[in-house]
There are 2 protein chains.
Amino acid sequence: MNTLSSQPYKGARDYYPEGKRVQNYIFSVWHKVSKSFGYEEYGAPTLEPIEVYAAKSGQELVNEQTYTFTDRGGRQVAIRPEMTPSISRMVAAHRQELAYPARLYSIANFMRYERPQRGREREFWQLNVDIFGSDGVGAEAEVIILSDSIMREFGAKSSDYVIKINNRKLINFMMAQYLGLDAPQAQLMVKLFDRKDKISDKDFVDQATEIFGDWAEIGLKKVEALLGAKTMADLPAEIRDSSSVREVQELFTLLERAGIKNLTFDITLMRGLDYYTGMVFEVYDTHPENNRSLFGGGRYDGLVSAFGVEPISAVGVAPGGTTMENFLSVHELLPKLLSTTDVYVATLGDTAKEATKLAHELRSKGINVELDLSDRKLDKQLKNVLKKAIPYMIFVGEDEVKAGKYALKDVINSKDFKLDFAGIVDQILG
Amino acid sequence: MNTLSSQPYKGARDYYPEGKRVQNYIFSVWHKVSKSFGYEEYGAPTLEPIEVYAAKSGQELVNEQTYTFTDRGGRQVAIRPEMTPSISRMVAAHRQELAYPARLYSIANFMRYERPQRGREREFWQLNVDIFGSDGVGAEAEVIILSDSIMREFGAKSSDYVIKINNRKLINFMMAQYLGLDAPQAQLMVKLFDRKDKISDKDFVDQATEIFGDWAEIGLKKVEALLGAKTMADLPAEIRDSSSVREVQELFTLLERAGIKNLTFDITLMRGLDYYTGMVFEVYDTHPENNRSLFGGGRYDGLVSAFGVEPISAVGVAPGGTTMENFLSVHELLPKLLSTTDVYVATLGDTAKEATKLAHELRSKGINVELDLSDRKLDKQLKNVLKKAIPYMIFVGEDEVKAGKYALKDVINSKDFKLDFAGIVDQILG
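Cut-offs applied
- Residues numbered from 1 in each chain as written.
- Chains lettered and ligands numbered in written order.
- Predicted model: local features only at pLDDT ≥ 70, side-chain atom pairs only at ≥ 80, totals over all residues.
- Contact = placed C-beta atoms within 7 Å.
- Helix = DSSP H or I, 4+ residues; strand = E, 2+ residues; numbered from the N terminus.
- Nonpolar A, V, L, I, M, F, W, Y, C, P; charged D, E, K, R; others polar.
- Axes fitted to C-alpha atoms, helices over the stretch in contact; angles between N-to-C directions.
- Parallel < 35°, antiparallel > 145°, perpendicular 65-115°, else oblique.
- Buried ≥ 20, exposed ≤ 12 C-beta atoms within 10 Å, placed from the backbone.
- Pairing = 2+ DSSP bridges.
- Least-squares fit on C-alpha atoms with pLDDT ≥ 70 in both.

Caption draft 1: A look at the interface of chain A and chain B. Across the contact, 65 residues belong to chain A and 65 residues belong to chain B. At six residues, helix α1 (residues 17-36) of chain A tops the list of elements feeding residues into the side of chain A that touches chain B. Here the side of chain A that touches chain B is built from residues that sort into 29 nonpolar, 19 polar and 17 charged.

Caption draft 2: Structural context of the packing of helix α7 (residues 183-195) of chain B against helix α8 (residues 201-212) of chain B. Residues and elements named next belong to chain B. One way to put it is that α7 packs onto α8 with a least axis distance of 10 Å and a crossing angle of 170 degrees. Considering the angle they form, α7 stands roughly antiparallel to α8. Contacts between α7 and α8 involve Q185, L188, M189 and L192 from the first element and F204, Q207, A208 and I211 from the second. Residue composition of the contact of α7 with α8, by class: six nonpolar, two polar and no charged.

Caption draft 3: Quick look at the pairing of strand β9 (residues 279-285) of chain A. Residues and elements named next belong to chain A. Counting buried positions over the seven residues of β9 gives six, a clear majority of the element. Alignment of strand β7 (residues 161-167) against β9, held across seven bridges, turns out to be antiparallel. Within β9, the position partnered with I165 by the bridge is F281. Two elements, β9 and strand β10 (residues 293-299), share five bridges in a ladder whose sense is antiparallel. Looking across to β10, one finds that V280 is bridged to G298.

Caption draft 4: Fine view of the relation of the copies chain A and chain B. With an RMSD of 0.1 Å, the operation that places chain A on chain B is a rotation of 180 degrees combined with a shift of 0.0 Å along the axis. Classification of the inter-copy transformation places it as that of a two-fold axis. Considering only C-alpha atoms, the part of chain A nearest the rotation axis is A:F69, at 3.1 Å. Of the interface residues in chain A, 100% have counterparts in chain B that sit at the interface too, so the contact is made through matching surfaces.

Caption draft 5: Region of the structure containing the sheet that holds strand β3 (residues 67-70) of chain A. Residues and elements named next belong to chain A. Taken in spatial order, the three strands of this open sheet run β2-β4-β3, and their pairing is antiparallel. Looking at the sheet topology across the chains shown, the edges are occupied by β2 (47-49) and β3. On average, adjacent strands in this sheet sit at an angle of 35 degrees to one another, irrespective of strand direction.

Caption draft 6: Layout of the sheet that holds strand β14 (residues 392-397) of chain A. Residues and elements named next belong to chain A. Taken in spatial order, the five strands make up an open sheet running β13-β12-β14-β15-β16, and their pairing is mixed. If you trace the sheet from one side to the other, it starts and ends with β13 (369-372) and β16 (415-419), each paired once. Across the sheet, the axes of successive neighbouring strands diverge by a mean angle of 20 degrees, strand direction being ignored. Taken together, the four bridges between β14 and strand β15 (residues 406-410) define a ladder with antiparallel strand orientation.

In structure tokens form, the structure reads like this:
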């Protein structure tokens with residue numbers, strides 16, 4: 001038989017206990033904050049029909065990045081590249097049974113065929129938080145406050161990140177009314193705005209000129225006025241008075257009332273996905289070594305109705321696991337994480353029966369116990385305990401059994417105790 | 001645009017909050033018991049190269065049940081149909097870095113293209129618990145005691161299930177030495193034993209006769225003697241004295257010492273997968289309406305070395321989520337599960353600002369709060385709370401704000417309170 005490779009699939013990660021501890025820490029904060037806002041967990045299938053994404057997610061995602069194949073029953077399916085279409089489908093299917101607003105969250109894995117690089121994997125984990133059936137800007141406010149609470153729960157300061165906000169309706173108004181572009185031109189211009197930070201100023205002007213055609217001279221001046229606006233007050237008067245700007249202002253008021261000050265209005269913020277219909281936002285890392293978008297979200301009122309039911313409004317956000325891990329790492333916010341095992345019980349001599357009994361009794365007190373019956377040398381056992389980052393170790397020798405007192409080692413603080421059963425339980429749980 | 005179907009992929013499940021609560025309850029017991037035995041969590045990729053399964057998992061699984069496809073880079077991959085090959089690959093890759101015995105567990109989803117039926121889904125969730133680097137029968141004992149602890153933690157009585165045990169080495173000895181079969185005949189006979197409960201006695205005899213060929217008469221008598229053995233003591237003497245029977249006896253002693261009495265030796269227990277090399281076992285439901293195998297496991301010492309490293313011994317077990325749910329359901333062991341949201345805060349009149357503040361303060365005490373600012377009629381709001389199974393509800397009216405005391409409703413027990421902030425916190429957390 002040929003030897004098989006022991007490497008994981010390209011762009012996917014093997015999570016050994018050490019790496020899994022970090023992921024579980026991130027997940028635990030996500031669970032905690034999502035639940036604290038009254039969101040309830042759900043789960044969705046790994047596979048969806050490919051049409052679900054073709055509808056509204058955008059061409060690049062579907063044609064270049066999805067893992068698509070035909071199943072043994074001839075169905076064209078994709079491994080989910082994102083959650084929004086799945087949860088929209090689920091809401092559509094139970095439209096009558098759900099109580100609104102429906103607050104739902106999940107933590108799940110996704111796959112996209114992209115070139116793996118820092119913070120981007122082919123298989124990645126995401127939290128998805130969505131509220132369905134709430135039309136007012138209060139829904140956006142709640143989802144952004146929840147996003148901010150996640151950052152705070154991780155220990156981030158408001159100077160560590162900034163929340164950028166824009167509005168798709170405002171973008172549409174800008175493109176059609178202010179810049180006078182038709183639909184195909186507007187689509188190109190949105191994509192150009194989206195790429196602005198990734199291309200040179202000259203390339204930007206050249207491509208904008210091409211989109212405007214005959215209107216280039218006046219058009220470029222207007223674009224310049226738009227891009228110069230650092231706050232809503234700087235916007236050209238015709239835009240400043242539009243209803244969508246008023247909506248953004250209302251959102252700012254709600255967020256500032258909740259104590260969020262690291263907010264900025266960003267007219268170039270587009271968000272890649274086609275399904276957004278209103279407010280869009282992004283949490284952006286301000287660290288010089290990780291100056292990038294961390295995660296984002298927005299309103300997508302038209303997606304549920306693609307599944308053949310009456311429209312249900314929706315706002316969502318989706319932080320990613322690896323991006324979050326990178327953020328915590330550059331800002332030195334990752335706590336030191338130990339094993340979930342509390343204590344390692346080792347035998348000294350012929351005490352297997354007694355050690356097994358002790359392990360059983362400790363477990364009944366809610367203590368996680370690894371039991372080693374190998375009777376190996378103590379230094380080897382201690383090395384194992386350190387490798388596994390287990391905080392305590394107990395030696396069960398014949399003398400200890402007779403005395404009813406055991407040697408307990410606090411491995412982290414290098415302290416040794418001689419304690420009876422109750423004392424051990426207190427020391428470990430205390 | 002055509003309307004998209006709102007149905008999930010065939011054989012996969014949409015987990016709405018109610019269903020997810022049940023799944024989370026099952027997962028929480030799995031996490032708790034696995035951790036209590038010192039197993040640490042890991043995670044593995046969704047995709048693996050198809051060869052990983054072709055090596056040792058068995059022809060049916062690979063040729064008929066895997067979700068295989070070619071990725072955009074030309075790699076032949078499969079959505080994992082089981083975890084054992086993935087974790088064996090991971091152990092091989094970090095052979096030097098791991099501390100042995102390595103105790104590892106995961107809760108993950110898998111896909112197999114099978115006909116969906118009760119307790120069998122195309123996408124399913126499983127706990128995988130594995131110990132690597134432990135040769136003695138103590139490893140099997142630990143994994144079986146852990147399995148039994150899971151059943152106990154769910155509230156099962158020992159009369160609700162039985163643990164069946166057999167040994168692949170004993171099977172091999174039986175087939176070669178006792179029945180005198182060559183390797184291809186032995187393989188057919190193992191498959192026939194495995195199917196025994198699913199076919200008629202006549203079919204069994206016919207097929208056995210065909211396998212034996214010239215030896216049929218004497219062979220059938222020997223098979224009869226084997227199948228008549230309800231305990232190890234009943235086995236024909238030549239088998240009873242083999243080293244593999246002694247091993248099984250040793251395992252029984254360890255399990256009985258741990259208080260497990262619902263054990264049975266079952267010479268027809270084969271376990272479908274090709275990679276088992278020693279002890280195999282199955283937890284079997286004794287309920288008349290669900291008389292079936294719940295889950296099983298065994299020793300597979302040859303799998304890690306398929307990845308090009310020195311052999312590392314391994315014993316594992318893998319309970320499934322839906323099978324477990326069915327078990328809990330027929331035995332009426334599923335607890336009544338409420339929402340993870342503790343309290344629903346509703347406004348009465350123009351109190352949005354105060355209700356928001358109250359929600360924020362309750363969250364800071366660790367209480368999960370759903371905040372509704374819609375100012376809808378109370379009966380509608382209460383209906384929502386009941387639908388979502390949220391245990392408490394608070395009404396924030398203008399009088400309540402002035403008095404600093406709020407109306408708190410215990411929805412489950414239909415009790416009403418008038419409490420200040422501290423009182424509310426005590427009532428909900430207490």
